[in-house]
Structures are given as C-alpha cells and as structure tokens.
Amino acid sequence: MAEKRPADDSDASQEAKRPKTDDNIPIIKRGIVIGTIKKLHPTDSEFIANASKLQISSKNMCTLVRCWKIVNPTTTDDFNCKREEFKDQEIPTEITQLYHNPVTRLYNRKSLGDILSTDIISDGLDQRLGPGGYFGRGIYLTDNALRANINYTHKSDSYFLLQCDVILGNCKKYDFGVYDKLLTREPAPKPGEPLWTSLLGNIAGNDEDYVVYCNQQVNIQYILEYTRIPESVLNA
C-alpha cells in the first residue's frame, strides 16, 4: 500500500482554490486546518450590512457581488492580545472598520484564487511585504472604498477588497500634503505627545490613508468582491 505523504503548503493552496459544495473553504497552514472562509448568502445580515457600507462609502459607485467571512482564531487571538496590551498601556482600544486593497501588497493579488494562494488569510497582513508609500512601509487602509479602488489599474468584471477590524490607538494626524516616505514604524512622539500607534495622512485633498506598522493591529474580517461603474458611464 502506497504511503500517503503529508500535505504541505502547496497542497493547502490547491485545496483552498477548489470549490466547496457547502460554500466553506478551509484556512490551511502547514497542512493543518486553522479556520474557515465562509461564503455569505445575499440574504445574510452580514452580507446586507457590508453591501450597504460599500455603497455608502463609494457613493453608490461600487456594488457588492460576493462576500466571504473570515473565521481565523489565530489572527483573532493575536488581535485581541494587542488590544489587551494597549489597554494595559492606557492606549485607546476602539475598533475601526477599514478597507485594504490586496493589489497594494507585494503579492499584487487580483482574484479570489490569488488571495487564497498566499498567506494573507492564514497569517494576516504583513507590513514588511507592503510596497511602501508616502508614509513608508506599513499597512495602508481607508474608510473610503473609492480611495482603495483607485489602486486597481487593470480592467476586470469584478474587484476585491479586504474589510478589516483595526485598532488605531493613538493616531497621529499629518497636515495636508505632509508625508515621510522613510517611515518603517510609527512616528516618534514629540515632547508632550502620546505614544503614536498609527497615523492618518492626507496627500491629495480628501484621499486619506490610515497606516499601521504592527500586524497585530489589523484583523481581516471579510473578503469583498464587487463591481464598479465603468469610467465610460461616469464620463458620459
């Protein structure tokens, strides 16, 4: 009888790409199931809430097509531990829901299969793998779906966003047009300022970016697939 070799990460990637009859996709790391990606039905309350938020954020220019809920106890535990750490340090622990565009990452993922074939879902976002930006190498997020949308330079029938829970803590707000491309962590506080744990930048008017430099401050909650109004319609 042939010996069955143990599954490895490549097996996990292939398994994650295969369609599931029950619409649940396992989150697999080193051959071990650590969580679930659950496809939400359009009548589910969470799908409806995400669809409404996306439309409001994009001024009705983006429409939610499909939505998957991420259930990953490992990244959730890390996230909750960071909240407790902030609480002990008397740093604000409120959770903010923000969008992250996977195309802005080093992986440049443009499809669900692309996203599932990486460690984005199993390990969470990693600021070390970001492409960098006006505020250095961090995890860039926004509450504006249109702002996240502009990073898509390719044309497609649908696009993807990650909706995340974020602990901003003490967020340093930069003046309009001010930036620092050399940042690799939170800006150092000046005398009298709190210990900064994130920042909010504004480079071009209303295009605001939140940036965090600690992976555990971000926990992916949903993968959103959406369509957007074509430029030809907007310019008509």
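Only a predicted model underlies this, so the values are computations on that prediction, with no experimental measurement involved.

## A look at the overall build of the chain
Here comes step 1: A tally of helices and strands in the chain yields seven helices and ten strands.
Here comes step 2: Out of the 236 residues in the chain, the part that is buried amounts to 43%.
Here comes step 3: Across the chain, every contact between residues at least 6 apart in sequence was considered, and the portion connecting residues at least 24 apart equals 74%.
Here comes step 4: Entry remark: accessible area of the chain is about 12900 Å², with carbon and sulfur atoms responsible for 50%.

## A short note on helix α3 (residues 73-88)
Here comes step 1: Its 16 residues place the ends of α3 22 Å apart at the C-alpha level, agreeing with the 22 Å of an ideal helix rising 1.5 Å per residue.
Here comes step 2: Those residues of α3 that are buried lie in contact with β4 (95-100), α5 (120-123), β6 (159-167) and β10 (218-228).
Here comes step 3: Of the residues that open α3, the one with a side-chain oxygen 3.1 Å from the backbone nitrogen of Thr74 is Asn72.
Here comes step 4: Following α3 by one or two positions, Glu90 adopts a phi angle in the positive range, close to 60 degrees.

## Considering the pattern of salt bridges
Here comes step 1: Under the counting rule described, the total for this entry stands at seven salt bridges.
Here comes step 2: Residue Glu225 is joined to Arg66 by a salt bridge in which the shortest nitrogen-to-oxygen separation is 2.6 Å. Linking Glu225 in strand β10 with Arg66 in strand β3 (residues 62-71), this pair joins segments that are 159 residues apart in sequence.
Here comes step 3: Across the pair Glu193 and Lys172 runs a salt bridge whose closest N-O atoms are separated by 3.9 Å. Taken together, the residues span a long stretch of sequence, with Glu193 in the loop between β7 (171-173) and β8 (198-204) and Lys172 in strand β7 at a distance of 21 residues.
Here comes step 4: With a relative accessible area of 16%, Lys172 lands in the buried category.

## A look at the packing of aromatic side chains
Here comes step 1: What the rule picks out here adds up to three aromatic pairs.
Here comes step 2: Taking 4.9 Å as the distance between ring centres and 75 degrees as the angle between the ring planes, the aromatic pair formed by Tyr134 and Tyr179 counts as edge-to-face. Taken together, the positions of Tyr134 in the loop between α5 and β5 (139-141) and Tyr179 in the loop between β7 and β8 put the pair 45 residues apart, joining distant regions of the chain.
Here comes step 3: Given a relative accessible area of 38%, Tyr134 falls into the partly exposed group.
Here comes step 4: Owing to a relative accessible area of 43%, Tyr179 belongs among the partly exposed residues under this scheme.
Here comes step 5: Positioned over the ring face of Tyr174 is Lys172, at 5.5 Å from the centre of the ring.

## Some words on the side chain of Gln221
Here comes step 1: Checked against the element boundaries, Gln221 lands in strand β10.
Here comes step 2: Once you skip the residues sitting within four places of it in the chain, Gln221 turns out to touch Trp68, Lys69, Ile70, Gln163, Cys164 and Asp165.

## Concerning the environment of Asn60
Here comes step 1: With respect to the element layout, Asn60 can be found in the loop between α2 (45-57) and β3.
Here comes step 2: C-alpha separation for the pair Asn60 and Leu146, spaced 86 residues apart in sequence, amounts to 10.0 Å.

## A short note on the confidence of the model for the chain
Here comes step 1: Here the chain averages 84 in pLDDT, and 79% of its residues register 70 or above.
Here comes step 2: Mean pLDDT across the elements of the chain bottoms out in helix α1 (residues 9-17) (46) and peaks in α3 (98).
Here comes step 3: Low pLDDT, under 50, characterises residues 1-21; the predicted model gives this stretch 17 contacts beyond four residues in sequence or across chains.

## Overview of the pairing of β6
Here comes step 1: β6 sits mainly inside the fold: nine of its nine residues count as buried.
Here comes step 2: Alternating positions in β6 separate into two faces, Tyr159, Leu161, Gln163, Asp165 and Ile167 on one and Phe160, Leu162, Cys164 and Val166 on the other, with burial throughout.
Here comes step 3: As paired elements, β4 and β6 share six bridges and run antiparallel to each other. Pairing of Tyr99 across the sheet is with Gln163, part of β6.
Here comes step 4: Pairing of β6 with β10 involves eight bridges; the strand directions are antiparallel.

## Notes on unusual backbone geometry
Here comes step 1: Even without a glycine there, the phi angle at Lys59 is positive, about 55 degrees.
Here comes step 2: With respect to the helices and strands, the residue Lys59 is situated in the loop between α2 and β3.
Here comes step 3: Looking at Lys59, the relative accessible area reads 67%, which means it is exposed.
Here comes step 4: Even without being a glycine, Asn60 presents a positive backbone phi close to 65 degrees.
Here comes step 5: The exposure class of Asn60 is exposed, given its relative accessible area of 54%.

Here is what the cut-offs are and how they apply
Residues numbered from 1 in each chain as written. Predicted model: local features only at pLDDT ≥ 70, side-chain atom pairs only at ≥ 80, totals over all residues. Heavy atoms only, no water. Helix = DSSP H or I, 4+ residues; strand = E, 2+ residues; numbered from the N terminus. Buried < 20%, exposed > 50% of the residue type's maximum accessible area, 1.4 Å probe, protein only. Contact = heavy atoms within 4.5 Å. Areas by Shrake-Rupley, 256 points an atom, 1.4 Å probe, with all protein chains shown as cover. Expected span 1.5 Å × (residues − 1). Polar contact = N/O pair within 3.5 Å; in protein donor to acceptor, adjacent residues only side chain to side chain. Salt bridge = Lys/Arg side-chain N within 4 Å of Asp/Glu carboxyl O. Phe/Tyr/Trp six-rings, centres within 6.5 Å; stacked < 30°, edge-to-face > 60°. Lys NZ or Arg CZ within 6 Å of the ring centre and 35° of its normal. pLDDT = per-residue confidence, 0-100. Pairing = 2+ DSSP bridges.

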